2 protein chains.
Amino acid sequence: MRPKATLKQIAKELNVSVSTVSKALSNSPEISEPTKIKVQEFAKLKNYKPNNIAVNLKSKRSKTIGVILPNILNPFFAKVFSGIEKAANERGYNVITCISNESLTKEIHAMDILSNGTIDGFILSISDETQKEHEFKHFKEAIADDLPIVMFDRTSEDVNCDKVIVDDFDSAVYAVNHLIKTGCKNIALLSNLDNTSVGKLRAEGYLQALKDNKIAINESLIMRTQSNEEFDEQFPSFFDIKGKKIDGIFAVEEHASVAAHKAVLKGGFRIPEDVQIIGFADGVWSRRLTPSLSTVSQHGPEIGEAAAELLINRLEDKTEDGPDYETRIIKTELRQRESTRKL
Amino acid sequence: MRPKATLKQIAKELNVSVSTVSKALSNSPEISEPTKIKVQEFAKLKNYKPNNIAVNLKSKRSKTIGVILPNILNPFFAKVFSGIEKAANERGYNVITCISNESLTKEIHAMDILSNGTIDGFILSISDETQKEHEFKHFKEAIADDLPIVMFDRTSEDVNCDKVIVDDFDSAVYAVNHLIKTGCKNIALLSNLDNTSVGKLRAEGYLQALKDNKIAINESLIMRTQSNEEFDEQFPSFFDIKGKKIDGIFAVEEHASVAAHKAVLKGGFRIPEDVQIIGFADGVWSRRLTPSLSTVSQHGPEIGEAAAELLINRLEDKTEDGPDYETRIIKTELRQRESTRKL
DNA sequence: TTATTTAACTCACACGTTTTCGTTTTAGTG
DNA sequence: CACTAAAACGAAAACGTGTGAGTTAAATAA
């Protein structure tokens with residue numbers, strides 16, 4: 001391997017000082033045109049690239065943001081991540097990624113590892129376990145150590161920081177309203193996210209829509225679980241279409257929607273004639289089912305972009321961070337496909 | 001914010017030298033037990049963490065690996081990524097991620113951005129466009145600059161480096177053999193990846209299996225396209241089950257498998273009685289379809305772990321890298337579900 | 001001619017660590 | 001007590017970069 005070109009090497013070979021090289025490369029007016037050209041051409045020839053680590057050390061910023069995701073296999077998080085990555089790159093930032101796997105310990109560990117100059121700030125969605133345990137100290141410490149955090153999707157009231165969320169409550173109200181308006185009387189709520197902030201909000205939206213339409217709440221139509229596994233376990237005994245006269249289903253996440261879809265068809269019912277389904281979903285698969293699923297789409301990439309923008313703005317805002325934290329809401333969209341009837 | 005604790009600060013407050021603090025914290029034998037304890041306790045109190053950037057600058061390694069993925073929304077890559085992240089973390093490495101979006105330009109740009117000390121090496125899967133253009137200069141330059149590369153899945157013969165692949169050819173032979181043994185006479189090949197190395201290998205495996213079983217190759221049963229979009233466009237006119245007497249389908253990727261699944265059912269045929277289907281797949285959805293799809297599973301996480309291990313071993317191998325590059329093959333597994341008949 | 005400006009460049013330090021080498025202190029020995 | 005050796009610590013350089021303060025030499029002004 002060729003030795004990596006450094007300012008020092010170039011300086012020696014051209015018989016000038018290191019500072020001259022540095023200034024010439026940054027087009028400083030203190031350097032004469034001829035030497036500038038000489039240095040710049042030589043640097044290009046040697047394929048010189050400023051050592052990023054040294055630059056970071058001087059500037060005390062790494063231009064890198066740490067992203068902590070609960071689960072990259074969930075297409076929603078993958079979409080958000082792609083948005084973060086895109087927006088960050090456009091503004092000259094790199095992205096370092098850790099996966100908490102829904103574990104509080106891993107979340108803390110990841111933040112700890114990165115909180116030593118490696119990154120300038122965090123973008124994260126709170127892990128399942130963290131929300132269950134109400135343990136937010138690590139977030140507050142990071143912020144106190146001048147490492148700003150932007151939370152998305154799963155956020156916490158208890159932590160003061162920028163946030164990007166979806167209007168979960170309103171979207172749920174809207175979706176359930178649609179079911180009601182198209183004739184559903186007995187709408188089931190399927191939650192496999194009942195431990196998370198977003199799951200709760202969507203469930204509340206369901207309740208609100210019923211209330212708005214003066215429909216009595218029927219607890220036997222409501223299923224709340226905290227994970228896909230728990231959901232799969234309880235679903236068969238819960239899901240009695242005929243007995244419960246279910247004619248509409250609102251699911252807070254794609255896993256539940258698909259399970260319902262499958263069960264409805266297997267039971268010999270027609271979608272959407274007998275049973276309508278709407279679910280929150282971000283995978284590519286809702287539209288591949290037959291009949292395809294109507295979904296509440298969350299615009300994952302936009303969420304990611306907004307989060308990155310928020311964080312970078314804060315990082316580059318020199319006006320001594322007044323903690324005027326912002327919560328940005330990304331509107332959802334009801335994508336009507338074949339599992340719902342038209343109004 | 002509290003000022004970040006540094007060696008200098010601690011040294012001043014304890015009236016010792018910077019070197020003493022450094023040595024005390026690293027448990028050097030040159031420091032007496034009492035001062036060690038004094039320093040260590042004070043450091044813990046002040047929540048001291050060695051500035052990673054400074055450490056990197058000294059050690060000339062960042063303990064960070066750059067990962068370049070063609071598309072994080074593809075569940076296969078997401079799985080591989082989770083494996084990389086896990087294995088890297090276990091060995092004390094961070095992961096910086098870029099998404100090439102199947103673009104050569106973005107791939108080059110990403111590598112360029114990171115090749116300045118930010119990372120110690122790359123793990124990547126070659127972008128679609130890069131494979132089409134046969135443009136591998138950027139890989140070779142990185143390797144020449146002492147930034148090792150490990151390629152996975154989509155690799156290139158033209159680049160000398162460690163690789164992790166799946167036995168695409170053998171897996172395809174095996175899968176198609178299974179179809180033949182269970183009675184299929186007219187097996188269609190659906191490729192939506194015909195530009196990539198893996199797509200080609202799987203197609204060749206299909207041909208080989210026919211040859212091994214002395215079945216004549218029928219070009220009208222073979223469909224080759226270079227993207228999902230192109231596939232979707234041509235599929236309807238290609239897929240004539242009755243006319244072509246198709247009784248078996250081998251798909252090189254999940255998208256094609258699902259399209260076939262849908263089309264078969266829509267045509268009024270039964271799976272697997274009339275038509276059997278096997279596809280390469282990594283999504284969670286193959287098993288959710290009704291009937292569920294039999295798939296060739298690629299063990300994405302294992303691929304990622306192997307890649308990380310290979311790279312880190314090379315990074316930490318002090319024995320002046322003899323380029324004894326290794327290609328590790330991760331065995332696939334034929335997951336028999338409902339879309340195939342039992343032997 | 002001498003003083004003053006200006007252009008062009010060099011010096012020296014800083015960022016926070018680690019590490020080598022040198023210096024001081026303590027303990028041990030004759 | 002003097003000398004040696006080990007133990008404990010400090011000074012300084014280095015990693016590669018950026019920057020304000022100096023330095024030189026030439027050009028201009030008085």
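Sequence positions are assigned chain by chain, starting from 1 and proceeding in written order. As a convention, the first chain written is A and the first ligand written is 1, with the rest following in written order. Under the rules for a predicted model, residues below a pLDDT of 70 receive no local features and side-chain atom pairs below 80 are neither given nor counted, while totals for whole chains, interfaces and linings still include all residues. Just so you know, side-chain values use all the structure's heavy atoms and leave hydrogens and water out.

With an unreviewed UniProt entry as reference, chain A is termed LacI family transcriptional regulator, source organism Flavobacterium zepuense.

### Details of the relation of the copies chain B and chain A
As a reminder, the rule being used: Superposition of the copies was done by least squares, using only C-alpha atoms of residues whose pLDDT is at least 70 in both. Working rule for contacts: check all heavy atoms of both residues, and any pair within 4.5 Å makes them a contact.
Superposition record for chain B on chain A: RMSD 0.1 Å, screw rotation 180°, translation along axis 0.1 Å. Taken together, the rotation and translation relating the two chain copies correspond to the operation of a two-fold axis. Judged by C-alpha distance, I96 of chain B is the residue of chain B that lies nearest the rotation axis, at 2.1 Å. Mapped onto chain A, 100% of the interface residues of chain B again fall at the interface, so both copies present the same surface.

### Details of the interface of chain B and chain A
As a reminder of what qualifies: Simply put, the buried area is the total loss of 1.4 Å probe accessible area from both parts when two parts are fitted together. The rule for a salt bridge is simple: a side-chain nitrogen of Lys or Arg has to be within 4 Å of a carboxyl oxygen of Asp or Glu. In protein, a polar contact requires one atom able to donate a hydrogen and another able to accept it; more generally it is a pair of N or O atoms within 3.5 Å, and residues adjacent in sequence count only if both atoms are side-chain atoms. Only runs of H or I of at least four residues qualify as helices and only runs of E of at least two qualify as strands under DSSP, and these elements are numbered from the N terminus.
Of the residues lining the interface, 48 residues belong to chain B; the matching set on chain A comes to 48 residues. The largest per-residue losses of area from chain B upon contact with chain A belong to I53, W285 and R288 of chain B, which jointly make up 16% of the total buried on that side. Joining chain B to chain A, the criterion identifies two salt bridges. Our count for the chain B to chain A interface comes out at nine residue pairs in polar contact (both at pLDDT 80 or more). At the level of elements, α4 (52–59), α5 (75–90), β2 (94–99), α6 (104–114), α8 (137–144) and α13 (254–266) of chain B are the ones that each hand at least two residues to the side of chain B that touches chain A. At six residues, the largest contribution of residues to the side of chain B that touches chain A is made by β2 of chain B.

### A few points about the pattern of salt bridges
All names here are of chain A. Test applied: Relative accessible area decides the class of each residue, using a 1.4 Å probe on protein chains only: under 20% of the type maximum gives buried, over 50% gives exposed, and in between gives partly exposed.
Under the definition given, this model contains 29 salt bridges over all chains. Linking K331 and D167 is a salt bridge whose minimum nitrogen-to-oxygen distance equals 3.4 Å. Of this pair, K331 sits in the loop between β11 (327–330) and β12 (333–335) while D167 sits in the loop between β5 (162–166) and α9 (168–181), and the two are 164 residues apart along the sequence. We classify D167 as buried; its relative accessible area is 11%. Salt bridges here are not isolated pairs; linked through shared partners, they connect K86, E90 and E305.

### Brief notes about the UniProt feature "domain: HTH lacI-type" (unreviewed entry) in chain A
Definition in use: UniProt positions are given in the numbering used here, feature names are shortened, and annotations may be inferred rather than shown by experiment.
The sites that UniProt annotates as "domain: HTH lacI-type" (unreviewed entry) are residues 5–59 of chain A. Across residues 5–59 of chain A one finds 67% helix and 0% strand; the C-alpha atoms that close the span lie 21 Å apart.

### Focus on the sheet that holds strand β8 (residues 248–251) of chain B
All names here are of chain B. Condition: When DSSP finds at least two bridges between two strands, those strands are taken to pair. Orientation is described by lines fitted to C-alpha atoms, with helices fitted over the stretch in contact, and by angles between N-to-C directions that extend from 0 to 180 degrees.
As summarised here, the arrangement of the six strands in space is β7-β6-β8-β9-β10-β12, forming an open sheet in which the pairing is mixed. Every interior strand has two partners, whereas the edge strands, β7 (222–224) and β12 (333–335), have only one. Between one strand axis and the next, the sheet turns through 15° on average, direction left out of account. Where strand β6 (residues 187–191) lies against β8, four bridges are found, and the strand directions are parallel. Among the inter-strand pairings, A188 is bridged to a residue of β8, identified as I249. Where α13 meets the sheet, it contacts β6, β8 and β9 (276–280), and its direction lies at approximately 160° from that of β9.

### What to know about the protein's contact with DNA strand D
Stated precisely, the cut-off is as follows: The near set for a molecule or strand comprises every residue that places at least one heavy atom within 4 Å of it. The classification used treats Ala, Val, Leu, Ile, Met, Phe, Trp, Tyr, Cys and Pro as nonpolar, Asp, Glu, Lys and Arg as charged, and all other residues, Gly among them, as polar.
Neighbouring residues of DNA strand D: 25 residues in total, closest K23 and Y48 of chain A together with T20, K23 and E30 of chain B. For DNA strand D, the fraction of protein-proximal atoms (within 4 Å) that sit in sugar or phosphate groups is 58%. Measuring from a phosphate oxygen of DNA strand D, one finds a backbone N or O atom of N51 of chain A at 3.1 Å. The backbone of S32 of chain B places a nitrogen or oxygen atom 2.8 Å from a phosphate oxygen of DNA strand D. Contributions of two or more residues to the surface near DNA strand D are made by α1 (7–14), α2 (18–25) and α4 (52–59) of chain A together with α2 (18–25) and α4 of chain B. Across the surface near DNA strand D, the residue classes break down as eight nonpolar, nine polar and eight charged.

### Some thoughts on the protein's contact with DNA strand C
With respect to spatial proximity, 26 residues lie near DNA strand C, and among them S19, T20, K23 and E30 of chain A together with K58 of chain B are the closest. Per the 4 Å cut-off to the protein, sugar and phosphate atoms form 56% of the nearby atoms of DNA strand C. Between DNA strand C and K8 of chain B, the relevant distance is 3.0 Å, taken from a phosphate oxygen to a side-chain nitrogen or oxygen of the residue. A distance of 3.3 Å separates a phosphate oxygen of DNA strand C from a polar atom in the side chain of S22 of chain B. Among the elements that take part in the surface near DNA strand C, α2 of chain B stands out by supplying four residues, more than any other.

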